[in-house]
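Per-entry structural report
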Amino acid sequence: MVSAGPSSGGSRRTAAGRQGGVAEPAASSPGRDALAAPGVGDQVDVALSRELEGLAHRAWPPLRERHVGGWVLRASAGSSRRGNSVWARGDVSDLTVALDEVRGFYAAAGLRPTIQITPVSVPAGIHQALDAAGFDDTGPTDVCTADLADLAERLDTAALAETIMFDGIADTWLDVAGRVLSTFADQRTGTLKVLANLTVAAKYAMCVADGVPVAVGRGVLDGDWLGVYSMATVPGARGRGAARAVLAGLVTWAADAGASRAYLQVEQTSAAARRLYGALGFRPVYRYSYRRHHHPVGGPDVSPR
């Protein structure tokens, strides 16, 4: 369990790594988005896609869930779209009835009915049913993976930056995250409750430049996987290697703990993040999006995750 608050202790490590620039992946080319993943209707690695969805579910456990057939209806006080959406991981006996259950569940929670859609969502007719039922699309997110040893080699952390590692959420970490991520600002209360329910190991990294905290990230360790979450850099420090320093701290922690692979989620609109992760060797596995009912129920809109 991760404890939130100022009592979380931190350990410091000075960023150090290979000299020189970040190596360009062989598969990249000018103008090409190296992280564009297969979407609905495209072929994907089904087993890996399902494994990664399970990892993400444990990395962001809902505060409340209800099972309708093979679907998991998740509610987390409006904190993140994942935590407040349906995980359509299995089949349902009657799709129309299941959608009615979804509407009722989220209406009772004061949230807009939302379903997460991936290439492995079931049943097969869910996409057409959501179109007919008036569920809009909030835009795609790509799930990408990388070899941890390759990441360590590619990371250039030679810039003058210091990374502090916390076992729990320190106030300074939370302050930086809250300046960039709505999950740690408008939805902070629900987010802290979600993170307090973690059953996997977690670490919180913070980059300090010239004595000022400028970037943060969260890592979760699940088997041999490092999950990279909550990466945020304050606007004035972007483009100066702070995100690399945070990622290097998380990679070192996970490798020392025996992990060999990493995954993360990056929205299609996050151009700078996509360039960074593509250059570091992350490669796409599948694409997901959230389908929301177009009639709000008076509850809060929720942030991406």
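As shown above, the structure is provided for reference.
Report follows, based on the coordinates. Quick caveat: nothing in here was measured; it's all calculated off a predicted structure.

**Considerations on the pairing of strand 12 (residues 283–293)**
Of all the eleven residues making up strand 12, eight are buried; the element is thus mostly covered by neighbouring parts of the structure. Direction of pairing for strand 5 (residues 114–117) relative to strand 12: antiparallel, over a ladder of four bridges. Looking at strand 12, one finds that I117 is bridged to S289. As paired elements, strand 6 (residues 135–147) and strand 12 share nine bridges and run antiparallel to each other. Following the sheet pairing, P140 is matched in strand 12 by S289.

**Examining the packing of aromatic side chains**
Scanning the entire structure with this criterion turns up seven aromatic pairs. Here the aromatic rings of W225 and Y263 are separated by 6.0 Å at their centres, their planes lie at 75 degrees, and the arrangement is edge-to-face. In this pair, W225 sits in strand 10 (residues 225–233) while Y263 sits in strand 11 (residues 261–267), placing the two residues 38 residues apart along the sequence. Grouping residues by exposure puts W225 and Y263 together as buried. Among the aromatic residues, those joined into a cluster by ring pairs are W173, F184 and Y204. Taking the ring centre of Y288 as reference, the NZ or CZ of R82 above it sits at 5.2 Å. For R89, the ring lying beneath its charged end belongs to W87, and the centroid distance is 4.9 Å.

**Topic: the packing of helix 2 (residues 95–108) against helix 3 (residues 126–133)**
One can describe the packing of helix 2 onto helix 3 by two numbers: an axis separation of 11 Å at closest approach and a directional angle of 55 degrees. Between helix 2 and helix 3, the interaxial angle falls into the category oblique. Here helix 2 and helix 3 pass one another in a crossing that is right-handed. Of helix 3, the residues touching helix 2 (which contributes L95, L99 and R103) are I126, A129, L130 and A133. For the contact of helix 2 with helix 3, the per-class residue count stands at six nonpolar, no polar and one charged.

**Some points on the pattern of salt bridges**
In the structure shown here, the tally under the stated rule is 13 salt bridges. Between E101 and R66 there is a salt bridge, with the nearest N and O atoms lying 2.5 Å from each other. One end of the pair, E101, is in helix 2; the other, R66, is in strand 2 (residues 64–68), and 35 residues separate them in sequence. Between D142 and R287 there is a salt bridge, with its nearest N and O atoms 2.7 Å apart. A residue pair is termed long-range when its members are at least 10 positions apart, and D142 in strand 6 and R287 in strand 12 qualify at 145 residues. Summarising the burial analysis for this pair, D142 and R287 share the class buried. Among the ionic contacts, a cluster of salt bridges with common partners joins D33, D142, R274 and R287.

**A word on helix 2**
Compared with the 20 Å implied by 1.5 Å per residue over 14 residues, the 20 Å span of helix 2 between its first and last C-alpha is a close match. For helix 2, the complete set of buried residues consists of L95, A98, L99, V102, F105 and Y106. One side of helix 2 carries all its buried residues, which in axial view fall inside an arc of 120 degrees. Facing away from the buried side of helix 2 by more than 90 degrees, the exposed set consists of T96 and A108. Contacts made by the buried residues of helix 2 are with strand 2, strand 3 (71–75), strand 4 (86–87), strand 5 and helix 3. One side-chain oxygen at the N-terminal end of helix 2 lies 3.0 Å from the backbone nitrogen of T96; it belongs to D94. Positive phi appears at G110, one or two residues downstream of helix 2, with a value of about 70 degrees.

Conventions adopted
Residues numbered from 1 in each chain as written. Predicted model: local features only at pLDDT ≥ 70, side-chain atom pairs only at ≥ 80, totals over all residues. Heavy atoms only, no water. Buried < 20%, exposed > 50% of the residue type's maximum accessible area, 1.4 Å probe, protein only. Helix = DSSP H or I, 4+ residues; strand = E, 2+ residues; numbered from the N terminus. Pairing = 2+ DSSP bridges. Phe/Tyr/Trp six-rings, centres within 6.5 Å; stacked < 30°, edge-to-face > 60°. Lys NZ or Arg CZ within 6 Å of the ring centre and 35° of its normal. Axes fitted to C-alpha atoms, helices over the stretch in contact; angles between N-to-C directions. Parallel < 35°, antiparallel > 145°, perpendicular 65-115°, else oblique. Left-handed = near helix turned anticlockwise from the far one by under 90°. Contact = heavy atoms within 4.5 Å. Nonpolar A, V, L, I, M, F, W, Y, C, P; charged D, E, K, R; others polar. Salt bridge = Lys/Arg side-chain N within 4 Å of Asp/Glu carboxyl O. Expected span 1.5 Å × (residues − 1). Arc of directions from axis to C-beta. Polar contact = N/O pair within 3.5 Å; in protein donor to acceptor, adjacent residues only side chain to side chain.

Geometry only, nothing functional implied.
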